[in-house]
Structure formats: structure tokens, C-alpha cells
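# Topology and contacts: notes
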Amino acid sequence: MSAIESVLKENRVFEPSETFTAHANVSGMDAYNALCEKANADYEGFWAELARDNITWKQPFTKILDESNAPFFKWFEDGKLNISYNCIDRHLADKADKVAIIYDKDDGSSENITYRQLYERVCQLANGLKSLGVKKGDRVVIYMPMVADAVVAMQACARLGAIHSVVFGGFSAGAVKDRVKDAAAKIIITANESVRGGKRVPLKATVDDALAGGDCTSVEKVVVLQRTDADVAWSDDRDIWWHDLVQHQASDCEPEWVGAEDPLFILYTSGSTGKPKGVQHSTGGFLLGAIVSMKWVFDYKPNDVFWCTADVGWITGHTYIAYGPLALGATQVVFEGVPTYPDAGRFWHDIEKFKVTIFYTAPTAIRSLIKLGADLPKKYDLSSLRLLGTVGEPINPEAWMWYYQIVGNSRCPIVDTWWQTETGSNMIAPLPGAVAIKPGSCTLPLPGIIADIVDESGAPVEKGNGGFLVIKRPFPSLLRTVWGDNERFKSTYFPEDFGGKYYVAGDSAHRDENGYIWIMGRVDDVLNVSGHRLGTMEIESALVANPLVAEAAVVGKPHDVKGEAVVAFVVLKGERPHGDEAKRMAAELKNWVAHEIGKIAQPDDIRFGENLPKTRSGKIMRRLLRSLAKGEEITSDISTLENPQVMEQLKHSV
Ligand code: WT7
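As a starting point, this report considers the structure included with it.

### Topic: the overall build of the chain
Looking only at helices and strands, one finds 20 helices and 30 strands in the chain. Taking 26 Å as the expected radius of gyration for a compact globule of 654 residues, we find that the chain reaches 24 Å, a close match to that expectation. Along the longest, intermediate and shortest principal axes, the C-alpha atoms of the chain span 75 × 65 × 60 Å. Within the chain, the proportion of its 654 residues that are buried is 61%. Nonlocal contacts in the chain, meaning residues at least 24 apart in sequence, comprise 71% of its contacts between residues at least 6 apart. Once the 71 positive and 86 negative side-chain charges of the chain are each reduced to a mean point, those two points are 0 Å apart.

Written as C-alpha cells, this is what we have:
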């Protein structure tokens, strides 16, 4: 791993303030160290105590961790619970009238939903779904806008023990179809349209498209929320309006008591090869991860107003919108819009309006807001804020300093949270009343998370050296498998190279002299575009699915807002196009990818060659393509290439 070298040097350190520490849930380094030691001394006992204290069990568990069939670990297996009960019902005794969700609509209007109202809406929808035959273990695809009802839909599935698979509302019909098919979903919940930044986006029409070929034979019903007044095509035996479905339903619904290991949801994420993986999470372990990280990392207190700006289509929106805040009885903002509408002050405006105390967003959003209005936060009263967070990619120190000084007024700690779709909850992040922060570092693992950085043989690397980030002990919120593909789960996450014992995250990282962890990036062919993982293979497959394309290779290049931008090297079946023809083809292929996967995967830059640079054995030289994408001079010897002349063709974008 000597090739992975860290270039970042950042020496600033920000200690937690005395006032923050005085009130923190975990107060001071001694308290943090004590928790870590407790976990080290009795790993299972540590997690069991947290699970007993934080989750309301219908039937208490007697088994803690079962490692007998590693890496298919089981936690709290004989315990029974319902996550919707834990998120809603258990607050009704003392918090029924507390606002659970401030639904912050695209147009700037808002609606408060109390725990009692949330309970009724979830129960009615659950009863409605039940009337359509949904039962424990059935898969329900949720393809919705960022409306409060998206959370209601997830909670209603959880209430019935049905497994939801949320598909990001920006994905295309092709992506919806693949996910519906892979999970054999019985029901799709969608909306006629979504509204973002004043624009309307058809969702129901996309679902119709996805179902049109007749491939999705598992789908029985499509439930449609009426978000706008738009008319949509209707299939009488298949489609049903949400408001009709819930109209005569009772507002109580006994939760289905499920086993702690019963799947709560599937969420598809990109890998380096093949189709997206259906990351399968458990009920009990996932809930525990969400709760403890809300307490430790977000230092949640009962009078906080929590705002996570993610979409429920990503894991962040699952853990820190749909479940974590509700499990603690929090008041949270659910934001439908985009950060730049009506202008780039939207976040700051709404923080003032709703007196947000904890704000959690992505570095890519921060960078774009700096570009569009670095002074805008100063126009608003942001004094309600007490804690800031980031997630999705490493944050560059400049963006960090701006977030810290301009948004947080140099008062609020920033929790840089490293985790993944697969880990279910924060893994490495500062506990803000204990751990001093450094711009660009996610700092130290949470108590009970045994993270390390190792070389190819699994041996820990020296401080300062880069290596593979691994987690050495199974933890409750870890994914349980890849839906329908246990082999892929094993080979991807517990590869034999590392003895099959460690969870291998696919990131490289290093530790500094204080033991702080710095994430350096992915080690596989996965791009991080705007904080979201995209498999290069997936985009390549989409490109070659175009009848004009013979071959394609996709790499990333640094982008100052998105983090990474997609660059595609394409060989057409016909002649290599030139001039306007090349421009037209490039535009066509960009639209094609947007149509096949979604706009997020659209290449910024397409280059045409008569071939791709290959070794004599036919392997595409990705390293060279990465250099070309960045505009670097190729200094290495390319004489071993089968076809060195194509390098010149691929140097320039069209
Ligand atoms: C990948 C996971 C977890 C929710 C959002 C993305 C990168 C995530 C950080 C961070 C540096 C980060 C990693 C990771 N990543 N958080 N704080 N610092 N890198 O979820 O799509 O599953 O992607 O995002 O590369 O492996 P995801």
C-alpha cells in the first residue's frame, strides 16, 4: 500500500468548548475512553446493555451475538420488537403533542406533524397496505419525493414487518425496474409528481415506464400520493390513490412484532462490479446503531430541532430522518426542496425559521453554497445552532473552515461522520463534547467500533501510512447480507485476502500521530459524485447498452463542487466522430445515461477514441485513463500498450 500516500497536512485542532462539554451526553475524553474500555472489556455486554436501555422490546433477547455462521452475524436474535412502535407509539404517553416532523415544503410553506398525528397517518397507511395484502416479509418499493409521507410510508411498512426498498426519486425507470425485479416487490408506493426547486418531476409516469415491459411480474399494486394537481395515466386494476386507500382505515394498527434479525429494509448501492447490491439491514441492530449515534455523535437532547438534509433515497435519510430522530422522540425538519431555491440562502433561512439546533449536510452542498453565496449565512440569525455535521465524502479544510466560522460562528463543533450504506450508522466520528476536531478528519471510532487500518495481509500499518480501513469485530448495525446473494456479501465485505475475518469497507485511510483517522478515498472502481457512490461498471454497462456504442470505460476526475465528476471514454461501433458530430453524440450519450440510471450518473466529459488503451493481454489501463481525465501529462512508459496511438485521441474532451 505504499502507493497510497497521504498528501493532506492539516494541523489545526479545535477543542470542545467548556460549555459544550459541560452539557454533552458524553462529556470529556475520560468519559469517551471509559466507554471504549467498557466495550473492550466486555464487547457483548456493552452492546447488550445499550440494547436493553434504548430499545423497547416486546420480548427481551437472551442471546447477544451469534458468530457461529460468520460472517452472517446475528444480534439479539430471540428478541422481538417493532421499530415503528419504538419510533412512535412509545412517545405517545408523554410526547403525543410534540412536533415530530416539520415538513418544510419546496415552496417555503410548512406543516407541523405531531407524534399523535404521525401515529395516525402511519397506522392508516399500514391498515391500507394490509388491505392490499401486504404482510411481514413482503417487499415494498418506495419511489417518492421528500415529502413527510415518504417517512410515513417507511414507517407503515416497518409497522407491518414488510421490507421497504426506497429508490431515490432521481433514478430513472431502468433503475426502478432493476430494483423492483431484484427484490420481487409486491407494491410500489409513489407520487404523481415531485416538486423540487419549483420544478415538477414525474414519478408515476416513470413507474409506468418501469412496469411497461411486463418484466416486473411481482408487482400487484401501485399506490400513488397526490402531491400536485397533475393528471397521470391510470391503470384501474393496478393503481390506487393513497388518499383513497387510507380514507376509511382505522387510525390504530397493532404493530407486527418481528425478530431482531428480521430484515427492516433493503437499500441498493453501487459496487465496483455488476448490478447494484441490495444492502439488507436487520431491525434490532440497525435501530440500536441509529439511537446510540444520535446520542453520542449528534449529542441529541429533548429540546433539539434536528435537520438532516439528505433524501430518504440514501442511507442517511433512513438512519437520520426516517428512524433515528423519531426513535428518540425528536423534532426534526423534513425538507422537500433544494438548497438553492428560491436562492442559495434557503438552508440558512430555514435554520432561522425553525430554530434548528443540529444541522447535518454534505460537503458537496457546502461547496456549492460557498460558490453561490459565501456571505449569505450572515443575513440570517443562526444562533440557534449548536452542532454541525457532514457526511458522504472527505471535507476539504477550506469548506470545513467556512462551515465552522460562517455557519457555526466558530461556536459549533462539526461532526465529520464516516460511515456507509452498509454500516447503517456512524462508525467513525467525533463525540463532540469529548473529541477535539481537526478539519478534514473524521477523528476516532465510536465506542464499540473496532476500526483499524491494515495492509494487504491484514496487519495494522504504521501511523502515517495508508492502508485499508477495516472493522475487526461485528457490530449491531452492520448489513446482514446482500439481498439474494450471500456469496457476493461474503466476497465483497469479508474477502479471503484479509482472512475473511474483517469487515472491509473499500476505503483507504491513514492515522495521524494522535491516532485520528483520515479517509483517503475508495480503493475500488467506485466514484463519489456529490457524496454518493456510483459504480464505474454500472455507468459503463449503461453506455454499452446504447446500440451505437462498442466499448466504454468510466473514471472520475476531481470536481470542485461534486467532489468527483464522471468521465467516459467511448468507442463507437462506427467511425470515431469528429467536430459537431462528436458534440452531438456526446450530448446524446449523456442523455442516454441520465435515462438509463439517472442524472446523477451523467458524464460531465465524454471522449471518443478508435479504441481504449489496453495491455497486450487486453486489459484496459484505467490508471492511464484516470491521468488523461485529469489532464495530466503521461510520463510513464506506454510502450507495453497494444495501441499507444489512441492516447492522443483520448486526451481531449469533445
Ligand atoms: C462512502 C459510503 C454514509 C452516508 C453517505 C454515503 C464515503 C462517507 C465520509 C466521510 C470521508 C466518507 C466513503 C464511504 N464517505 N462519509 N465523513 N469522510 N468519506 O453513503 O453511498 O454508502 O458511501 O462514502 O468513501 O465508503 P454511501
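Now that the structure is up, let's keep going.
### Regarding the site of the ligand
The environment of the ligand is formed by 18 residues, the closest being Asp416, Thr417, Gln420, Thr421 and Arg533. Contact distances for the ligand include 3.4 Å between a nitrogen atom and a backbone N or O atom of Glu393. A distance of 2.7 Å separates a nitrogen atom of the ligand from a polar side-chain atom of Asp416. Taking 560 Å² as the accessible area of the ligand by itself, protein coverage stands at 96%. When contributions to the shell around the ligand are tallied by element, the ones reaching two or more residues are helix 12 (315-327), strand 20 (414-417) and strand 25 (517-522). A class-by-class count of the residues in the shell around the ligand yields six nonpolar, seven polar and five charged.

### A few points about the pairing of strand 24 (residues 503-511)
Of all nine residues that make up strand 24, eight are buried, and the element is covered over most of its length. Alignment of strand 24 against strand 25, held across five bridges, turns out to be antiparallel. Among the inter-strand pairings, Ala509 is bridged to a residue of strand 25, identified as Ile519. Count of turn residues in the strand 24/strand 25 antiparallel hairpin: five residues, of which Gly515 carries a positive phi of about 80 degrees.

### A closer look at the pattern of salt bridges
Tallying each qualifying case throughout the model produces 48 salt bridges. Linking Arg622 and Asp525 is a salt bridge whose minimum nitrogen-to-oxygen distance equals 3.9 Å. In this pair, Arg622 sits in helix 19 (residues 622-630) while Asp525 sits in the loop between strand 25 and strand 26 (526-529), placing the two residues 97 residues apart along the sequence. Salt bridges sharing partners connect three or more residues here, namely Lys105, Glu111, Arg121 and Asp149.

### Details of helix 15 (residues 397-407)
For helix 15, a buried count of eight out of 11 residues is recorded, marking the element as mostly surrounded by other parts of the structure. For helix 15, the set of buried residues is Pro397, Ala399, Trp400, Met401, Trp402, Tyr403, Tyr404 and Val407. Two residues or fewer past helix 15, Asn409 is found with a positive phi of approximately 50 degrees.

### Notes on the nonpolar core
Of all hydrophobic cores here, the largest spans 176 residues; its most connected members are Trp47, Phe76, Leu129, Ile189, Trp242 and Val570. Excluding anything up to four places from it in sequence, Trp47 contacts Trp75, Phe76, Leu288, Val292, Pro447, Gly448, Ile449 and Pro476. Core analysis: the second largest hydrophobic core is formed by 33 residues, Ile366, Leu376, Ile414 and Ile437 among them.

### With respect to the sheet that holds strand 11 (residues 221-225)
On the basis of which strands lie adjacent, the open sheet formed by eight strands has the order 12-11-8-6-7-14-15-23 and mixed pairing. Unpaired on one side and paired on the other, strand 12 (239-241) and strand 23 (481-482) mark the two borders of the sheet. Relative to strand 11, strand 8 (residues 187-191) runs parallel, the two being bridged by five bridges. By the bridge assignment for strand 11, Ala191 is matched with Leu225. Strands strand 6 (139-143), strand 8 and strand 14 (263-269) of the sheet are contacted by helix 8 (residues 173-183), whose axis makes an angle of about 140 degrees with strand 14.

### Points about the packing of helix 7 (residues 148-160) against helix 12
Axis separation between helix 7 and helix 12 bottoms out at 11 Å; the angle between their running directions is 65 degrees. Pair helix 7 / helix 12 crosses with right-handed handedness. Across the interface between the two elements, Val151, Met154, Gln155 and Ala158 from helix 7 touch His318, Ile321, Ala322, Tyr323 and Leu326 from helix 12. Taken together, the residues that form the contact of helix 7 with helix 12 break down as seven nonpolar, two polar and no charged.

### What about the sheet that holds strand 5 (residues 110-114)?
An order of 5-4-17-16-18-19-20 is seen for the seven strands of this open sheet, with the pairing classed as mixed. This sheet does not close on itself; its edge strands, each paired only once, are strand 5 and strand 20. Strand-to-strand, the axes of this sheet are offset by a mean angle of 20 degrees, without reference to chain direction. Bridge analysis of strand 18 (residues 358-361) against strand 19 (residues 387-391) gives four bridges, and the strand direction is parallel. Across the sheet, the residue bridging to Phe359 is Leu388, located in strand 19. The strands touched by helix 6 (residues 115-131) within the sheet are strand 4 (99-104) and strand 5, with strand 5 carrying the most contacts at an inclination of about 85 degrees.

Cut-offs and rules
Residues numbered from 1 in each chain as written. Predicted model: local features only at pLDDT ≥ 70, side-chain atom pairs only at ≥ 80, totals over all residues. Heavy atoms only, no water. Helix = DSSP H or I, 4+ residues; strand = E, 2+ residues; numbered from the N terminus. Rg over C-alpha atoms; globule rule 2.2 N^0.38 Å. Buried < 20%, exposed > 50% of the residue type's maximum accessible area, 1.4 Å probe, protein only. Contact = heavy atoms within 4.5 Å. Lys, Arg positive; Asp, Glu negative; His and termini not counted. Charge placed at Lys NZ, Arg CZ, Asp CG, Glu CD. Near = heavy atom within 4 Å. Polar contact = N/O pair within 3.5 Å; in protein donor to acceptor, adjacent residues only side chain to side chain. Areas by Shrake-Rupley, 256 points an atom, 1.4 Å probe, with all protein chains shown as cover. Nonpolar A, V, L, I, M, F, W, Y, C, P; charged D, E, K, R; others polar. Pairing = 2+ DSSP bridges. Salt bridge = Lys/Arg side-chain N within 4 Å of Asp/Glu carboxyl O. Core = buried A, V, L, I, M, F, W, Y, C linked by side-chain atoms within 4.5 Å. Axes fitted to C-alpha atoms, helices over the stretch in contact; angles between N-to-C directions. Left-handed = near helix turned anticlockwise from the far one by under 90°.

Interpretation note: all reported values are geometric properties and have no functional meaning in isolation.
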